[in-house]
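Chain residues, written in single-letter form:
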Amino acid sequence: MNKYIGKVGQYYRDVVAEMRKVVWPSKEELKDLTVVVLTVSGLLALFTFLVDWVINFVMGKLL
């Protein structure tokens, strides 16, 4: 049982050590990256919609 408690403690210490190494983005970087993610997501949604629309149109003409 003590072996597992020691492993959990070591895991926690490792997580804390790794989290101290993390470089968090500034507010400005976070805003910019959010805009990029939303823009790319919107473009991919539009592309998917257009491809779906074209396929439905073509299938409607064929059938």
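Residues numbered from 1 in each chain as written. Predicted model: local features only at pLDDT ≥ 70, side-chain atom pairs only at ≥ 80, totals over all residues. Heavy atoms only, no water.

Student: How would you sum up the UniProt feature "transmembrane region" (unreviewed entry) in the protein chain? Please name residues and give values.
Tutor: Here the UniProt feature "transmembrane region" (unreviewed entry) sits at residues 33–55. Within the segment residues 33–55, helix and strand shares are 100% and 0% respectively, and the terminal C-alpha atoms sit 33 Å apart. (UniProt positions renumbered as here; feature names shortened; annotations may be inferred. Helix = DSSP H or I, 4+ residues; strand = E, 2+ residues; numbered from the N terminus.)

Student: Summarise the pattern of salt bridges; cite the residues concerned and give the values.
Tutor: Under the counting rule described, the total for this entry stands at 1 salt bridge. When the shortest N-O distance is used, the salt bridge between Glu 18 and Lys 21 registers 3.2 Å. With a gap of 3 residues between them, Glu 18 and Lys 21 both fall in helix α1 (residues 2–21), about one helical turn apart. For Glu 18, a relative accessible area of 46% corresponds to the partly exposed category. (Salt bridge = Lys/Arg side-chain N within 4 Å of Asp/Glu carboxyl O. Buried < 20%, exposed > 50% of the residue type's maximum accessible area, 1.4 Å probe, protein only.)

Student: If you had to explain the environment of Tyr 4 to someone new, which residues and values would you point to?
Tutor: One can find Tyr 4 in helix α1. For Tyr 4, a relative accessible area of 52% translates into the label exposed. Taking the C-alpha atoms as reference, Tyr 4 lies 18 Å from Val 16; in sequence the two are 12 residues apart.

Student: I'd like to hear about α1, residue by residue, with values.
Tutor: Over its 20 residues, α1 extends 29 Å from the first C-alpha to the last, a length consistent with the 28 Å expected when each residue adds 1.5 Å. For α1, a buried count of 0 out of 20 residues is recorded, marking the element as mostly open to its surroundings. (Expected span 1.5 Å × (residues − 1).)

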